[in-house]
Amino acid sequence: PSARRLAHLTGAIDAGFSSGDFSTSLSSLFAKPAETLDGATLIERQWPNTYGDYCSEDLKSIVLADDLIEPVIFPKSFESREYVHRDMQRLGIAYRFADRMLRIRKALVLRKLQNANYWSGPEVDEYRRRMSVDTSPPRPGSVIYLSRKNVRSFRSGGTSQLDSEGIGAIVESLGGKVVETEGMHFHDFKQLASEAETVVADHGAAMFNILLWNPKQVIELVPDDWWSPCFVVLSQHL
């Protein structure tokens, strides 16, 4: 008797055919919406945590879409993320955050394109076109290090296990430029494109800013207990 079974009828939840007490878990689904929109775009996400997740799931889906139904709806938790406002304004796309119950009469859903944060060559090209990225070559012999010193991960809550300060000292001794990525913005990374023939970087979301550069080689530094090949794939397409 206490079991809950959720019934779907023609693609929608039907309370009449569902069983059990749904007063808490489903009350919001049947509540009167605070606002009705004629249309909007929603984005399917797997990992809505870091800038890298947003860049690969939200931003990539948007720049690859042929047509959008504006506004694009983001979760309320995204409102404090400066880069969301920056990118939508740069692209000239109307957007808003879901801070109340919404009914959307016609919804366009942008499906997640690949598992994890992988990019293909054509996706890189389209991102650069839509984001007006300069593809001029970097200065020969230039080396830049993207350091996660003092960066706290949005996913784990912790800081890097790598000795970013020690690595930075080595890079500087070799004539390279050390960039502490905490607090940096889109235009800051764009201005460094000429210094990025060789990129040394702590694994992390800031590495997605190599989309703005044309490195000839990328050296990714990772801890012993975790790694994702996403930046290897991305680097091959740059």
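Chemist: Got a minute to help me understand the sheet that holds strand β9 (residues 198-202) in this structure?
Modeler: Two pairing modes exist for strands in a sheet, parallel and antiparallel, and in both the strands are linked by backbone hydrogen bonds. Reading across the sheet, the four strands line up as β8-β7-β9-β10 and stay open at both edges, with parallel pairing between neighbours. The open sheet has two free edges, formed respectively by β8 (177-180) and β10 (217-221), since each of these has just one partner strand. Taking the axes of each pair of neighbouring strands and ignoring which way they run, one obtains an average angle of 15° across the sheet. Where strand β7 (residues 143-147) meets β9, four bridges bridge the pair, whose relative direction is parallel. When the bridges of β9 are listed, I144 appears paired with V199. Running over the sheet, helix α5 (residues 164-173) touches β7, β8, β9 and β10 and is turned about 170° from β7.

Chemist: What's the story with the pairing of β9 in this structure? I'm lost.
Modeler: Looking along a regular strand, one sees the side chains alternate between the two faces of the sheet. Most of β9 sits out of view: five of its five residues are buried. Direction of pairing for β9 relative to β10: parallel, over a ladder of five bridges. In the sheet register, A201 faces β10, and the bridge partner there is E220.

Chemist: Would you explain the pattern of salt bridges in this entry?
Modeler: Pairs can form between side chains of opposite charge whenever their charged atoms are close. Throughout the structure, instances matching the rule amount to twelve salt bridges. Among the salt bridges present, the one from K112 reaches E57, with a minimum N-O distance of 2.9 Å. Of the two residues, K112 sits in the loop between β6 (102-110) and α4 (121-130) while E57 sits in helix α2 (residues 51-64), which places them 55 residues apart along the sequence. With respect to burial, K112 and E57 carry one shared label: buried. Between K149 and E180 there is a salt bridge; the shortest N-O distance is 3.7 Å. Of the two residues, K149 is situated in the loop between β7 and α5 and E180 in strand β8; the sequence distance between them amounts to 31 residues. For E180, a relative accessible area of 41% translates into the label partly exposed.

Reading the values: rules and limits
- Residues numbered from 1 in each chain as written.
- Predicted model: local features only at pLDDT ≥ 70, side-chain atom pairs only at ≥ 80, totals over all residues.
- Heavy atoms only, no water.
- Pairing = 2+ DSSP bridges.
- Helix = DSSP H or I, 4+ residues; strand = E, 2+ residues; numbered from the N terminus.
- Axes fitted to C-alpha atoms, helices over the stretch in contact; angles between N-to-C directions.
- Contact = heavy atoms within 4.5 Å.
- Buried < 20%, exposed > 50% of the residue type's maximum accessible area, 1.4 Å probe, protein only.
- Salt bridge = Lys/Arg side-chain N within 4 Å of Asp/Glu carboxyl O.

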